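# Understanding the architecture of this molecule
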Amino acid sequence: MKNVLIALVVLTVLGAVFGMILAFAAKVFAVKKDPREEAIAGCLPGANCGGCGFPGCGGYAAAVVAGTAPVNACAAGGAAVAAKIAEIMGVAAGDSVKKIAAVRCTGCGVDFSKYNYEGVKDCLAASRLPGGGPLGCDYGCLGMGTCEKVCPFDAIHVKNGVAVVDEEKCKACGKCVDVCPRHIIALEPYKTRKHVAIPCSSQAKGAVVTKVCTNGCIGCSLCAKACPKEAITVENFLAKIDYDKCVGCGICATKCPRHLITVEEPAKPAVPVKPVEKAEPAPKAEVKVPETVEEVIETPAPTLLEATLTEPEVVQTAEAAATPVEGNPTSAQPQAVEEAPVPGSETEEAFKRLEEAVAAAGAVLKEEEKDEESADKE
């Protein structure tokens, strides 16, 4: 037991001594860091995607402080992060153009295969086989998802045999560009205006392209000749766009015989549609029907015009009848208006009830007269 205690004490003393030595060495040999480096690292999104060209966000922050990297090189952070870094460094952020990854292949050559591929589902592995892979086109997308696996933002997926980029998720980190064995993915300016694209990478002659793809570029140069800004050039049988010159007129798309060139407009916010207000129905004419015999006797019978019109209409009709026509002073005299009630309407039913009440009142009056005559005879 004594030996165990001695061993514990020795280990404790040695640990304390070595700890003091390490603490002293850390202070003596410490490398001073610029506080701006930590501030910049705190502004970065922390994706460590490498899109800036440096090893992670920490490497980019150190490069900015050292002056070897621009403040707007973070593709994932965009203009907002660039503005924060510029404020820390005390410089202007400058204009930064948002970019997205674009796959220069439409996938229209997936039905033209050289042979059946059975192996690892990876573009790098398939590209090492004879002919550069099973696809008939030597420049088309192999569609095995290597770019999809390396994307840290889940912004690219293989659909119908070709890689498709989700423009809302893409941060232009460039990992898919670097990993593609056929180099058909490139970074293009985001669609801030009409965006023209030529989604093809084939450098084969037109006769070869037509055999392995239904709408690949055949290098006919019709688009380049039609472009009024000279923004399209044809190199190695492939049309390319200079986005610094392109204005998005779309003339090239109308001239392309393969219908390959696409012209897309930026999304516009939806305009709210106001609901149509329904017109209120006109008030129905109210006809008061007397319920007792006394009310029938005392209430004068309404005219047909009063029974069929509402109160405001009766007033307007009376005023119109009282207004003389120019050159005819007698026209101001009221004229009788004959209008029959519509069969089956509420007005006709009211008249029927009124007639029944009048008939009942007349019968009562006749009985009273008979009683008076009999009383006089007695």
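This is a predicted model, so every value here is computed, not measured. (Residues numbered from 1 in each chain as written. Predicted model: local features only at pLDDT ≥ 70, side-chain atom pairs only at ≥ 80, totals over all residues. Heavy atoms only, no water.)

## Some remarks on the packing of helix 2 (residues 35–43) against helix 4 (residues 78–89)
The description of two helices packed together rests on the angle between their axes and the distance between the axes. Definition in use: An axis is simply a line fitted to the C-alpha atoms; with a helix, the fit covers only the stretch in contact. Between two such axes, the angle follows the N-to-C directions and lies from 0 to 180 degrees. The numbering of helices and of strands both runs from the N terminus, where a helix is a DSSP run of H or I of at least 4 residues and a strand a run of E of at least 2. By definition in this entry, angles of less than 35 degrees are roughly parallel, angles greater than 145 are roughly antiparallel, angles of 65 to 115 are roughly perpendicular, and the rest are oblique. Take the far helix as your reference; a near helix turned counterclockwise from it by less than a right angle gives a left-handed crossing, and one turned clockwise gives a right-handed crossing. It only takes one pair of heavy atoms within 4.5 Å for two residues to be counted as in contact. Amino acids are sorted into nonpolar (Ala, Val, Leu, Ile, Met, Phe, Trp, Tyr, Cys and Pro), charged (Asp, Glu, Lys and Arg) and polar (every other residue, Gly among them).
The contact between helix 2 and helix 4 brings their axes to 10 Å, and the two run at 170°. Considered as vectors, helix 2 and helix 4 are oriented roughly antiparallel to each other. Every pair of crossing elements has a handedness; the one defined by helix 2 and helix 4 is right-handed. Of the residues in helix 4, those touching helix 2 at Arg36, Ala39, Ile40 and Cys43 are Val81, Lys84, Ile85, Ile88 and Met89. By residue class, the composition of the contact of helix 2 with helix 4 is seven nonpolar, no polar and two charged.

## Here's the deal with the packing of helix 2 against helix 3 (residues 56–66)
Between helix 2 and helix 3, the shortest axis-to-axis distance is 9 Å and the interhelical angle comes to 135°. In terms of orientation, helix 2 and helix 3 fall into the oblique class. Handedness of the helix 2/helix 3 crossing: right-handed. Residues Arg36, Glu37, Ile40 and Ala41 of helix 2 lie in contact with helix 3, whose contacting residues are Gly58, Ala61, Ala62, Val64 and Val65. For the contact of helix 2 with helix 3, the per-class residue count stands at six nonpolar, one polar and two charged.

## Some remarks on the side chain of Asn215
Rule in force here: Each residue's exposure class comes from its accessible area (1.4 Å probe, protein chains only) as a fraction of the maximum for that residue type: buried when under 20%, exposed when over 50%, partly exposed otherwise. Here a polar contact means two N or O atoms within 3.5 Å. Within protein one must be a hydrogen donor candidate and the other an acceptor candidate, and residues neighboring in sequence count only if both atoms are side-chain atoms.
On the secondary structure map, Asn215 appears in the loop between helix 8 (206–212) and helix 9 (222–226). Residue Asn215 is classed as buried on the basis of its relative accessible area, which comes to 12%. Among the polar contacts made by the side chain of Asn215, one reaches the side chain of Thr106 at a distance of 3.0 Å. Not counting residues within four places of it along the chain, the set of residues in contact with Asn215 comprises Thr106, Cys108, Arg258, His259 and Leu260.

## Quick look at helix 4
The line we're drawing: For a helix, the expected span equals 1.5 Å multiplied by the residue count minus one. The directions from the helix axis to the C-beta atoms form the arc being described.
Taking 1.5 Å as the rise per residue, helix 4 with 12 residues should run 16 Å; its terminal C-alpha atoms sit 17 Å apart, in good agreement. Those residues of helix 4 lying buried are Val81, Ala82, Ile85, Ala86 and Met89. An end-on view of helix 4 places all buried positions within 140° of arc, on one side of the element. Seen from the buried face of helix 4, the exposed residues on the opposite side, beyond 90 degrees, are Ala80 and Glu87. Buried residues along helix 4 sit against helix 2 and helix 3. One or two positions beyond helix 4, positive phi appears at Gly90, with a value near 75°.

## Considerations on the pattern of salt bridges
Applicable threshold: By definition here, a salt bridge exists when the distance from a side-chain nitrogen of Lys or Arg to a carboxyl oxygen of Asp or Glu is within 4 Å.
With the rule as written, the count across this model stands at five salt bridges. When the shortest N-O distance is used, the salt bridge between Glu235 and Lys240 registers 3.8 Å. The exposure class of Lys240 is partly exposed, given its relative accessible area of 35%.

## Some thoughts on the packing of aromatic side chains
The criterion, for reference: Each Phe, Tyr or Trp ring, with Trp reduced to its six-membered ring, pairs with another whose centre is within 6.5 Å; inter-plane angles below 30 degrees give stacked pairs, above 60 give edge-to-face pairs, and intermediate values give tilted ones.
Counted by the stated rule, this structure contains one aromatic pair. Residues Phe54 and Tyr60 carry aromatic rings whose centres are separated by 6.2 Å and whose planes lie at 45° to one another, so their mutual orientation is tilted. By relative accessible area, which is 23% here, Phe54 ends up partly exposed.

## Comments concerning the environment of Cys57
Positionally, Cys57 belongs in helix 3. In sequence terms Cys57 and Leu44 are 13 residues apart; their C-alpha atoms lie 6.7 Å from each other. Among all residues touching Cys57, those that are not within four sequence positions of it are Leu44, Gly46, Ala47 and Asn48.

## Some words on the pairing of strand 6 (residues 232–235)
For clarity, the threshold we go by: Pairing between strands requires that DSSP locate at least two bridges from one strand to the other.
Pairing of strand 6 with strand 7 (residues 238–241) involves four bridges; the strand directions are antiparallel. Among the inter-strand pairings, Ile232 is bridged to a residue of strand 7, identified as Ile241. Linkage of strand 6 to strand 7, two consecutive antiparallel strands, is achieved through a turn of two residues, within which Asn236 is found at a positive phi near 55°.

## With respect to the confidence of the model for the chain
Predicted coordinates in areas of low pLDDT are best not read in detail. Which entries qualify depends on this criterion: For every residue, the pLDDT score states the predictor's confidence, bounded by 0 at the bottom and 100 at the top.
Mean pLDDT over the chain: 79, with 76% of residues reaching 70 or higher. The low-confidence segment residues 304–318, where pLDDT is below 50, has 20 contacts with residues more than four positions distant or belonging to other chains. In the predicted structure, residues 325–339 sits below a pLDDT of 50 and forms 14 contacts with residues beyond four places in sequence or in another chain.

## Examining a nonpolar patch on the surface
Put simply, the rule is: A patch is a set of surface residues, each over 30% in relative accessible area and not in a salt bridge, joined within 9 Å for like charges and within 5 Å for the nonpolar side chains Val, Leu, Ile, Met, Phe, Trp and Tyr. All accessibility values rest on the Shrake-Rupley procedure with a 1.4 Å probe; residue burial counts only the protein chains present in the view.
A cluster of nonpolar side chains, namely Ile6, Val9, Val10, Leu11, Val13, Leu14, Val17, Phe18 and Ile21, defines an oily patch on the protein surface of about 820 Å² accessible area. Its location among the elements puts Ile6 in helix 1 (residues 2–28). A residue is classified by how much of its surface remains accessible, and Ile6, at 45% relative accessible area, is partly exposed.

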